[in-house]
Amino acid sequence: MSVTATGAGALPRTQARLAYLDVARGLCILAVVLVHVGFFHVFPLAGDPTGRPALKLWVVFNSAVLAEVRMPLLLLVSGWLASSKVRAGLGSGKTRWAIFANIHLLVVWTILYAIIERLTAPGPAQVATSTAETVPAALLEIVNPAFGPLWFVHLLAISLVVLSLGRRLPPALVIGALLAIGWVTLWYTGERAGIPRAVFFAVGVYLGPKVPAMVSSRPALIGAGAATLGFGVLAAVLPPLPRYPVEVAACVPLSILVLAVAAWATRARRLSVLTRPLAWVGRRTLGVYVLHWPLVGILTVWAANRAGDFGFLRRSQMMDVTYPLVVTLIIAATCVVAESALRRVGFGILFEPPTRLRRLVDPAARQQPAQPQAAVMTALATRPRA
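Thresholds, definitions, all that
Residues numbered from 1 in each chain as written. Predicted model: local features only at pLDDT ≥ 70, side-chain atom pairs only at ≥ 80, totals over all residues. Heavy atoms only, no water. Helix = DSSP H or I, 4+ residues; strand = E, 2+ residues; numbered from the N terminus. Buried < 20%, exposed > 50% of the residue type's maximum accessible area, 1.4 Å probe, protein only. Contact = heavy atoms within 4.5 Å. Areas by Shrake-Rupley, 256 points an atom, 1.4 Å probe, with all protein chains shown as cover. Arc of directions from axis to C-beta. Phe/Tyr/Trp six-rings, centres within 6.5 Å; stacked < 30°, edge-to-face > 60°. Salt bridge = Lys/Arg side-chain N within 4 Å of Asp/Glu carboxyl O. Patch = residues over 30% accessible without salt bridge, like charges linked within 9 Å, V, L, I, M, F, W, Y side chains within 5 Å. Core = buried A, V, L, I, M, F, W, Y, C linked by side-chain atoms within 4.5 Å. Polar contact = N/O pair within 3.5 Å; in protein donor to acceptor, adjacent residues only side chain to side chain. Expected span 1.5 Å × (residues − 1). Axes fitted to C-alpha atoms, helices over the stretch in contact; angles between N-to-C directions. Parallel < 35°, antiparallel > 145°, perpendicular 65-115°, else oblique. Left-handed = near helix turned anticlockwise from the far one by under 90°. Nonpolar A, V, L, I, M, F, W, Y, C, P; charged D, E, K, R; others polar. pLDDT = per-residue confidence, 0-100.

Colleague: Run through the overall build of the chain, naming residues and quoting values.
Modeller: The secondary structure content of the chain amounts to 16 helices and zero strands. Burial status across the chain gives 50% buried among its 386 residues. Taking the contacts inside the chain whose residues are at least 6 apart along the sequence as the reference set, 81% of them involve residues at least 24 apart. Put simply, the chain shows about 17900 Å² of open surface, and 69% of that area lies on carbon and sulfur atoms.

What follows is the structure in structure tokens.
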């Protein structure tokens, strides 16, 4: 949910191409919600999938497909949209504002998640939204998010700083360095979220301007398909330690394929019943990203205390699939409505820093006309503009 990019200069101008980015972001954010609904709420209640092929297949799809693809694609698109700010460097007020806005979101929502945790699941028995039970623990979560979705915002701020500082370095050197650092971090921590994902943001920064040509090129897509299949099969048979760079090599072309499918679907009139709602969500993903987490957490704690009421998940494999899909759509719609309502009643600070602070971070903004709140600088919340 990147607060990184409006005005990425290399982006295509046509409405159709802009729409496929919104469709891809809509798919990503719904996948984020769906995976969290599944792993935290549904799968613990559904029980052991042994002897239940539909549930087992659904668990594998969530863990091996959605969980592995959604964040690399989202980071790649965010890097693409942030490419103009990286090229401008830290001397640009817009770049500094994008970094500051990400930090603002990280601080505000870390505090809010901790407060919600205290209200809904006090004590160590259950965890709803945060593992930070003390002020020092909350401060540590801001510095190094270890639970929840805010690692993404944290990573965007760090990536913008690092790539802006190294903007004059060869892209291959930067990507190689981030790949090596991510590999070491993953080996040391065992955690994929965070630094191991930074390479996808960097690939988006450098590869983004070429993506429109790639998604419309048959040879490029054939190559991407072959690379995805080859590296994917190799990753499946490798032991954990050498698997990371191979998975990265598989996820990048897979992200290109997903964007190509989104572009094709956007052009197909008969699929507009799907692409229009996805694009609509894709233009409103900031609120969904930060608000879905407490909703999923509260639902998880509430349902865990009433597990007997969810026996239908053990009795019906069809419900194992349809129930999380319906819950995901309800949560996403609730988040969109809640964000709009919060902004209307004066709580826009939950989603962006106060406008008056921008004049301190970006002095050039004083000479620019004020932008409406709906145009908050976030690669997840706004349509990219050429």
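Colleague: Lay out helix α5 (residues 135–143) with the relevant residues and their values.
Modeller: Those residues of α5 that sit buried are A138, E141 and I142. Axial view of α5: buried residues confined to an arc of 100°, hence all on one face. Of the exposed residues in α5, those oriented more than 90 degrees away from the buried face are P136, L139, L140 and V143. Packing partners of the buried residues in α5 comprise α4 (93–120) and α6 (151–165).

Colleague: Before we move on, could you go through the packing of aromatic side chains and cite the residues and values that matter?
Modeller: Aromatic ring pairs are described here by two measures, namely the spacing of the ring centres and the angle between the planes. This model, assessed by the stated rule, comprises 14 aromatic pairs. Plain terms: the ring middles of F312 and Y323 are 5.4 Å apart, the flat faces sit at 75° to each other, and that makes the pair edge-to-face. Of the two residues, F312 sits in helix α14 (residues 312–315) while Y323 sits in helix α15 (residues 317–344), which places them eleven residues apart along the sequence. In this structure an aromatic cluster arises from ring pairing among W302, F310, F312 and Y323.

Colleague: I'd love a proper account of the pattern of salt bridges, names of residues and values included.
Modeller: Side-chain pairs of opposite charge can arise whenever the charged atoms involved come near each other. Under the definition given, this model contains six salt bridges. Note that R25 is salt-bridged to D22, the shortest N-O span being 2.3 Å. Of this pair, R25 and D22 both sit in helix α1 (residues 15–46), three residues apart, roughly one helical turn. Considered together, R25 and D22 belong to a single accessibility category, that of buried residues. A salt bridge links R343 to E339, with the shortest nitrogen-to-oxygen separation between them at 3.1 Å. You can see R343 and its partner E339 sitting in helix α15, four residues apart, about one turn around the helix. Because the salt bridges share partners, they merge into one network encompassing D22, R25 and R283.

Colleague: Can you break down a nonpolar patch on the surface residue by residue, with the values?
Modeller: Side chains of W183, V184, W187, Y188 and L241 sit close together on the surface and give an oily, nonpolar patch of about 630 Å² of accessible area. Counting through the fold element by element, W187 comes out in helix α7 (residues 171–189).

Colleague: Can you tell me about the nonpolar core, naming the residues and giving the values?
Modeller: Grouped together as the largest cluster of nonpolar side chains are 91 residues, with contacts concentrated most on Y20, W109 and L259. Tallying contributions element by element places α1 first for this core, with 17 residues. Those residues in contact with L259, other than ones at most four positions away along the chain, are Y20, L21, A24, L73, L76, V77, V211 and V215.

Colleague: So what about the side chain of S83? Which residues, and what values?
Modeller: Along the chain, S83 turns up in helix α3 (residues 83–88). The exposure class of S83 is buried, given its relative accessible area of 1%. For S83, the side chain forms a polar contact with the main-chain oxygen of W80, separated by 2.8 Å.

Colleague: Describe helix α10 (residues 218–237), listing the residues and the values that go with them.
Modeller: In this model α10 runs 29 Å from its N-terminal to its C-terminal C-alpha over 20 residues, within 8% of the 28 Å that 1.5 Å per residue would give. Next to the buried residues of α10 lie α11 (240–267).

Colleague: How would you sum up the side chain of S130? Please name residues and give values.
Modeller: When you line up the elements, S130 lands in the loop between α4 and α5. The class for S130 is buried, based on a relative accessible area of 6%. In this structure the side chain of S130 is engaged in a polar contact, spanning 3.0 Å, whose partner is the backbone nitrogen of A132. If we ignore the near neighbours within four places in the chain, the residues touching S130 are Y113, A114, E117 and F147.

Colleague: So what about the packing of helix α2 (residues 53–81) against helix α8 (residues 198–207)? Which residues, and what values?
Modeller: Two elements in contact, α2 and α8, have axes separated by 6 Å at closest approach and are oriented at 40°. The orientation of α2 relative to α8 falls into the category oblique. Every pair of crossing elements has a handedness; the one defined by α2 and α8 is right-handed. Across from P72, L75, L76, S78, G79 and W80 in α2, the residues of α8 making contact are F200, F201, V203, G204 and V205. Within the contact of α2 with α8, the residues separate by chemical class into eight nonpolar, three polar and no charged.

Colleague: Could you give an account of the environment of E247, naming the residues involved and the relevant values?
Modeller: Topologically, E247 is positioned in helix α11. On the basis of relative accessible area, E247 is assigned to the buried category, the value being 16%. Note: C-alpha distance between E247 and V233 (14 residues apart in sequence) is 9.6 Å.

Colleague: With reference to specific residues and values, describe the confidence of the model for the chain.
Modeller: When pLDDT is averaged along the chain, the result is 85; 89% of the residues meet or exceed 70. Confidence drops under pLDDT 50 across residues 369–379; counting only partners more than four residues distant or on other chains, this segment forms 34 contacts. Counting interchain partners and residues more than four positions distant, the pLDDT-below-50 stretch residues 381–386 has 30 contacts.

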